[in-house]
Amino acid sequence: MTEDRPLALVTGASRGLGAALAEALAPTHHVLAVARTQGALEELDDRIRAAGAQATLAPMNLTQPDAVAGLARGIFDRWGRLDLWAHTAVEAPPLSPVPSIDDKGLARALATNVTATAALIAALAPLLGTEGRALFFDDPRAGEKFFGAYGATKAAQIALARSWQAEGARIGPRVHILSPQPTATALRARFYPGEDRAKLADRHEEARRLLAELD
């Protein structure tokens, strides 16, 4: 393994934009891929290795505080720093009218989209230091009909990121809030099942476009 490469952590790396970002970063970074689904992470690893790069897999549930603390400790012990963090982990409850929001689905969305994000920021900020970068991905659905649970919790996640961005404007780390184009992912298909996917952006092309915005 090439320990001298910049280290990129991708949370939510098993599928969709997260997996595409991990593959796009792998030629230039050592990728630490985090997600709940081990099988999907192993498939990601196969693709990265087939392209001649390497990754470290860390299957875990980020809503568990011990998991987040262990992740930060593992990064510190092995690498001593973190150069880039791309946060794509998200919980999307089923669409429903606000009066019909499922309590358990809302609790899972709050735990993943808000509480885990705050815990990750606290744990990873010291590893990113003044020069590291953190990437968040906006999906402004707040206020749209049937998107109550997802829209509210995703908006709260981005609000955390914007506050952190403002706080670190002079002292770092550098926080970027990027806006993906509508992309052909499984999450998008859940939200818009009858949509013409041929008109959507390819997730790999979109990952490369978003990373190019950092240059």
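Scroll up to find the structure this text is about.
Please read these numbers as outputs of a predicted model, since none were measured by experiment.

Student: Account for the overall build of the chain, naming residues and giving values.
Tutor: A tally of helices and strands in the chain yields seven helices and six strands. When its helices and strands are written in sequence order, the chain yields β-α-β-α-β-α-β-α-β-α-β-α-α. Since a compact globule built from 215 residues should have a radius of gyration of about 17 Å, the 17 Å found for the chain is in line with a globular shape. C-alpha extents for the chain along the principal axes are approximately 50 × 35 × 30 Å. In the chain, which comprises 215 residues, the share counted as buried stands at 47%. If you sum the accessible surface of the chain, you get close to 10,600 Å²; carbon and sulfur atoms cover 54% of it. A gap of 2 Å separates the mean positions of the 24 positive and 25 negative side-chain charges of the chain.

Student: Tell me about the pairing of strand 2 (residues 30-35), and name the residues and values.
Tutor: Of all the six residues making up strand 2, six are buried; the element is thus mostly covered by neighbouring parts of the structure. Of the two faces of strand 2, the one holding His-30, Leu-32 and Val-34 and the one holding Val-31, Ala-33 and Ala-35 are both buried throughout. Sheet analysis places strand 1 (residues 7-11) next to strand 2, joined by five bridges and oriented parallel. Across the sheet, residue Thr-11 finds its bridge partner in strand 2, namely Val-34. The parallel pair strand 1 and strand 2, bridged by helix 1 (residues 16-25), forms a crossover whose chirality is right-handed. Taken together, strand 2, helix 2 (residues 38-50) and strand 3 (residues 55-59) form a β-α-β motif whose crossover is right-handed.

Student: How would you summarise the nonpolar core if you had to cite specific residues and measurements?
Tutor: Of all hydrophobic cores here, the largest spans 29 residues; its most connected members are Leu-9, Leu-62, Leu-71, Ile-75, Leu-82, Trp-85 and Phe-136. At the level of elements, strand 1, strand 2, helix 3 (65-78), helix 4 (103-128), strand 5 (133-137), helix 5 (148-167) and strand 6 (174-178) are the ones that each hand at least two residues to this core. Looking at this core, the element that brings in the most residues is helix 4, giving six residues. Discounting residues that sit within four places of it in the chain, Leu-82 has contacts with Leu-7, Leu-9, Ile-75, Leu-124, Leu-127, Leu-128 and Gly-132. Listed in part, the 27 residues of the second largest apolar core include Leu-44, Ile-48, Leu-178 and Ala-207.

Student: I'd like a rundown of the packing of aromatic side chains, residues and numbers included.
Tutor: Applying the stated criterion across every chain yields a total of seven aromatic pairs. Relative to Tyr-150, the ring of Phe-147 lies with its centre 6.4 Å away and its plane at 55 degrees, an arrangement referred to as tilted. Given the relative accessible area of 5%, Phe-147 is considered buried. For Tyr-150, a relative accessible area of 3% translates into the label buried. Here the aromatic cluster, defined as three or more aromatic residues joined through ring pairs, consists of Phe-147, Tyr-150, Phe-191 and Tyr-192. Arg-141 extends its terminal NZ or CZ atom over the ring of Phe-147, reaching a point 5.9 Å from the ring centre.

Student: Any details on the layout of surface pockets? Residues and values, ideally.
Tutor: Approximately 1,000 Å³ is the volume found for the largest pocket. Together, 40 residues line the largest pocket, and Leu-17, Thr-88, Ala-89, Val-90 and Leu-187 are the ones closest to its centre. Those elements giving two or more residues to the lining of the largest pocket turn out to be helix 1, strand 2, helix 5 and helix 6 (186-191). The element that contributes the greatest number of residues to the lining of the largest pocket is helix 6, accounting for five residues. For the lining of the largest pocket, a count of residues per class yields 17 nonpolar, 14 polar and nine charged. Size it by volume and the second largest pocket reaches roughly 160 Å³. Considering the residues around the second largest pocket, the lining is formed by Ala-24, Leu-25, Thr-28, His-29, Asp-83, Leu-84, Glu-131, Arg-133, Arg-174, Leu-211, Leu-214 and Asp-215. Split by residue class, the lining of the second largest pocket holds five nonpolar, two polar and five charged.

Rules of the game
- Residue indices begin from 1 for each chain and proceed along its sequence in written order.
- Given that this is a predicted model, residues contribute local features only at a pLDDT of at least 70 and side-chain atom pairs are listed and counted only at 80 or more, while totals for whole chains, interfaces and linings are drawn from all residues.
- Values reported for side chains reflect all heavy atoms of the structure, with hydrogen atoms and water molecules removed beforehand.
- Secondary structure elements are defined from DSSP: runs of H or I of at least 4 residues count as helices, runs of E of at least 2 residues count as strands, and each element is numbered from the N terminus.
- The reference for a compact globule is 2.2 Å times residues^0.38; the radius of gyration itself is calculated from the C-alpha atoms.
- For every residue, the accessible area obtained with a 1.4 Å probe (protein chains only) is divided by the maximum for its type, and the residue is called buried under 20%, exposed over 50%, and partly exposed between those limits.
- Working definition of accessibility: Shrake-Rupley area with a 1.4 Å probe, residue cover restricted to the visible protein chains.
- In summary, the charge assignment counts Lys and Arg as positive and Asp and Glu as negative, without counting His or the chain termini.
- Each charge is placed at NZ for Lys, CZ for Arg, CG for Asp and CD for Glu.
- Strand pairing is assigned whenever DSSP detects at least two bridges linking the two strands.
- By definition, the crossover connecting two strands over a helix is right-handed if that path, from the first strand to the second, turns clockwise as seen with the strands pointing away from the viewer.
- We define a nonpolar core as any set of buried Ala, Val, Leu, Ile, Met, Phe, Trp, Tyr and Cys residues linked to one another through side-chain atoms lying within 4.5 Å.
- Note on contacts: a residue pair qualifies if any of its non-hydrogen atoms lie within 4.5 Å across the two residues.
- Ring pairs shown here join Phe, Tyr and Trp side chains whose ring centres sit within 6.5 Å, with only the six-membered ring taken for Trp; geometry is labelled stacked below 30 degrees between planes, edge-to-face above 60, and tilted in between.
- Counting as a charge over the ring demands two things of the Lys NZ or Arg CZ atom: a distance within 6 Å of the ring centre and an angle within 35 degrees of the ring normal.
- As defined here, a cavity is a set of points on a 1 Å grid over the protein atoms alone where a 1.4 Å probe fits but cannot get out. A pocket is an open set with protein on both sides within 12 Å along at least five of seven lines, and residues line them when an atom is within 4 Å of a point.
- Grid points are joined across faces, edges and corners, and a volume is the space filled by probe spheres set on the points.
- Side-chain classes follow a simple rule in which Ala, Val, Leu, Ile, Met, Phe, Trp, Tyr, Cys and Pro form the nonpolar group, Asp, Glu, Lys and Arg form the charged group, and the remainder, Gly included, forms the polar group.

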